[in-house]
Protein chains: 2
Amino acid sequence: MAEKEISQAVIARLPRYFRYLGDLKEKGVERISSQELSSIMKVTASQIRQDFNNFGGFGQQGYGYNVSYLYEEISKILGIDKQHSLVIIGAGHLGKAIAGYTNFTRRGFVFKGAFDCNPDLYGTRIRDVEVRPIEEMESFVKDNKIEIAVLTIPKDQAVPMAHKLADCGIKAIWNFAHVDLEVPDKIQVENVHLSDSLMKLSYNINRYENNI
Amino acid sequence: MAEKEISQAVIARLPRYFRYLGDLKEKGVERISSQELSSIMKVTASQIRQDFNNFGGFGQQGYGYNVSYLYEEISKILGIDKQHSLVIIGAGHLGKAIAGYTNFTRRGFVFKGAFDCNPDLYGTRIRDVEVRPIEEMESFVKDNKIEIAVLTIPKDQAVPMAHKLADCGIKAIWNFAHVDLEVPDKIQVENVHLSDSLMKLSYNINRYENNI
DNA sequence: GCATGTTTGTTAATAATTACACAAAAAATA
DNA sequence: TATTTTTTGTGTAATTATTAACAAACATGC
């Protein structure tokens, strides 16, 4: 029954569709054609139809797509119709920024714990969650069956921490450290390498200036 | 003299090469073959050679690549051999996290100013930079010929702010707001949509669980 | 209820990306 | 110095991704 694998390029586009559909829904738009969505999102209508068709037909000929329905279906595909528990490892500014981002809560990501190795932070609170010593992480993750760990710690600490996380049954790591983690295949890793992103921007500044 | 355009897929890989080469350099490795680098980085040797060849030959048959030389060349390609001035718009946790990341300084990104609309923050300092009222942003950017603006503000404020930035001659926007900006082509935009990234992670958790 | 227009789902064509393969060049070795 | 080994640069093949095209399905209006 092996479903055909859907490329990560398609998956990477889904959150953007989801965002635009959410906006349309909020504006009270009931239906939309791939053509209209295409002109709003600046992608081809063909790509939109192909992308949605990877998951079965969500639209109807002569009508288009029902905004609410499509929105719900994409949320199911992305798995954000269910709740995901999450801990933040590294309670610095970046950790705090992420923990404090209330929109994640709205998408079902429930912030359950925060850990740091700096004793000054123990007992301080991020939203309504207490920062705990990093030593308590493993038992906490096991006891509370935490699914996602957000790694906002320096890169030299990130690699051993990823191994610890793997050992206590984490399902996924959202990695902000500037290093590639090596973990078993069953653990999903999503990297946010901010410096890579900034370097790409730098390249494009250069390119534009040299092409004038 | 139109140079052939290099695909963004290639550019997106350069920072990762740069990171690994930096590590090798630090370890005192002098030379490396595409084959060796391939096994460290888990990409094909062919792709490595193709990528580097987009910019001319950096290696030598029978020898491989000189680590230091290649490192320098990539830094030139990425434009991080020069300094780039940068302001942060939105002095919340995310803004502070980015401003405080000293590695950026090492790569030539010089943090020159921070702006916010919250009067409580005026005069407070992020590293050695004072947070100023957002009203002062336009003159500051013009007077100091700032190249890059980091947008760490809510999405409803991001769109008008991008227009203001465009008007005062910014070259690039590093956008952390969950919205797509519309600015003239001459302004380079690099998006970091954290919620998109988290949704992708959520999809992959789901996918793994349904495929067991 | 029929004709007309719209829009999807899907197949085909094109474009882009990645991997393969090997000659040519240099290094290492004998 | 001659020979063997290594390894790049690059042309070509294979794969993947994107765009175009169109028949089938439905909605709309008369």
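About the thresholds
Residues take numbers from 1 onward in each chain, read along the sequence in its written order. Throughout, the order in which chains and ligands are written sets their labels, letters from A for the former and numbers from 1 for the latter. Where totals are concerned, whole chains, interfaces and linings use all residues; where local detail is concerned, this predicted model gives features only for residues with pLDDT of at least 70, and gives and counts side-chain atom pairs only at 80 or more. Calculated side-chain values reflect all of the structure's heavy atoms, with hydrogen atoms and water omitted. Residue contacts are defined here by distance: any two heavy atoms, one from each residue, within 4.5 Å place the two residues in contact. By definition, the buried area sums, over both parts, the 1.4 Å-probe accessible area that each loses when the two are put together. We count a salt bridge whenever a side-chain nitrogen from Lys or Arg sits within 4 Å of a carboxyl oxygen from Asp or Glu. Two N or O atoms count as a polar contact when they lie within 3.5 Å, although within protein this holds only if one can serve as hydrogen donor and the other as acceptor, and sequence-adjacent residues are included solely when both atoms are side-chain atoms. Labels follow the DSSP assignment, with helices taken as runs of H or I lasting at least four residues and strands as runs of E lasting at least two, numbered in each case from the N terminus. Here, axes are lines fitted to C-alpha atoms. For helices the fit covers the stretch in contact, and angles between N-to-C directions go from 0 to 180 degrees. When an angle is under 35 degrees it counts as roughly parallel; over 145 it counts as roughly antiparallel; between 65 and 115 it counts as roughly perpendicular; any other value is oblique. Handedness of each helix crossing follows the sense of rotation of the near helix against the far helix: counterclockwise by less than a right angle gives left-handed, clockwise gives right-handed. The nonpolar class holds Ala, Val, Leu, Ile, Met, Phe, Trp, Tyr, Cys and Pro. Asp, Glu, Lys and Arg form the charged class, and all remaining residues, Gly among them, are polar. Between buried and exposed lies partly exposed: a residue is buried under 20% and exposed over 50% of the maximum accessible area for its type, with that area taken using a 1.4 Å probe on protein chains only. This arc is built from the directions going out from the helix axis to the C-beta atoms. Any two strands between which DSSP finds at least two bridges are classified as paired. We superpose the copies by least squares over the C-alpha atoms of residues that have a pLDDT of at least 70 in both of them. Any residue with a non-hydrogen atom lying within 4 Å of a molecule or strand is treated as near it.

Caption draft 1: Geometry of the interface of chain B and chain A. Contacts between the two partners involve 61 residues from chain B, matched on the other side by 61 residues from chain A. The junction of chain B with chain A conceals about 5800 Å² of combined surface from both sides, 60% of it contributed by carbon and sulfur atoms. Taken as a group, Leu198, Met199 and Tyr203 of chain B account for 12% of the area that chain B buries against chain A, more than any other trio of residues on that side. Between the two partners, chain B and chain A, sit 16 salt bridges. In this structure, lysine 155 of chain A and aspartate 23 of chain B form a salt bridge, with 3.8 Å as the shortest nitrogen-oxygen distance. Counting across the interface, chain B meets chain A through 29 residue pairs in polar contact (both at pLDDT 80 or more). Breaking the side of chain B that touches chain A down by element, the ones donating at least two residues are α1 (8-26), α4 (67-78), α5 (93-99), β9 (172-175), β10 (188-191) and α9 (194-211) of chain B. Looking at which element gives the most residues to the side of chain B that touches chain A, the answer is α9 of chain B, with 16 residues.

Caption draft 2: View of the packing of helix α9 (residues 194-211) of chain A against α1 of chain B. Two numbers describe how α9 of chain A lies on α1 of chain B: the axes approach to 9 Å, and their chain directions differ by 125 degrees. If you check the angle between α9 of chain A and α1 of chain B, you find them oblique. Classified by chirality, the crossing of α1 of chain B by α9 of chain A is right-handed. Across the interface between the two elements, Asp196, Met199, Lys200, Tyr203, Asn204 and Arg207 of chain A of α9 of chain A pack against Gln8, Ile11, Ala12, Pro15, Arg16, Phe18 and Arg19 of chain B of α1 of chain B. Looking at side-chain class alone, the contact of α9 of chain A with α1 of chain B contains 6 nonpolar, 2 polar and 5 charged residues.

Caption draft 3: Region of the structure containing helix α3 (residues 45-53) of chain B. Residue and element names in this part refer to chain B. Residues of α3 that are buried include every one of Ala45, Ile48, Asp51 and Phe52, and no others. When α3 is viewed along its axis, its buried side chains cluster within an angular range of 125 degrees and face the same direction. Tucked inside the fold, the buried residues of α3 contact α1, α2 (34-41), β3 (64-66) and α4.

Caption draft 4: Looking closely at the sheet that holds strand β1 (residues 31-32) of chain B. Here we have 3 strands laid out as an open sheet, ordered β1-β3-β2 (chain B), and antiparallel in their pairing. Either end of the sheet is taken by a strand with one partner, and the two such strands are β1 and β2 (59-60) of chain B.

Caption draft 5: Just the relation of the copies chain B and chain A, in detail. Rotating chain B by 180 degrees and translating it 0.0 Å along the rotation axis places it on chain A, where the RMSD comes to 0.0 Å. Both chain copies can therefore be described as sitting about a two-fold axis. Residues of chain B ranked by C-alpha distance from the rotation axis are headed by histidine 93 of chain B, positioned 2.5 Å from it.

Caption draft 6: Region of the structure containing the protein's contact with DNA strand C. Residues in contact with DNA strand C amount to 26 residues; listed here are only the nearest, Ser34, Gln50, Asn53 and Tyr65 of chain A together with Gln50 of chain B. Each atom of DNA strand C within 4 Å of the protein was classed as base or backbone; sugar and phosphate made up 62%. Side-chain polar atom of arginine 13 of chain B to a phosphate oxygen of DNA strand C: 3.0 Å apart, as the coordinates give it. Between threonine 44 of chain B and DNA strand C, the recorded distance is 3.0 Å, taken from a side-chain N or O atom to a phosphate oxygen. The element contributing the most residues to the surface near DNA strand C is α3 of chain B, with 4 residues. Among the residues making up the surface near DNA strand C, the classes are represented as 4 nonpolar, 18 polar and 4 charged.

Caption draft 7: Looking closely at the pairing of strand β7 (residues 129-133) of chain B. Residues and elements named next belong to chain B. Both strand β5 (residues 109-116) and β7 contribute to a ladder of 3 bridges, which runs parallel. Bridge pairing in β7 places phenylalanine 115 opposite arginine 132. Judged from the 2 bridges that link them, strand β6 (residues 125-126) and β7 form a sheet pairing that is antiparallel. In the sheet register, arginine 125 faces β7, and the bridge partner there is glutamate 130. Counted along the chain from β6 to the antiparallel partner β7, the turn is 2 residues long, and its residue arginine 127 has a positive phi close to 50 degrees.

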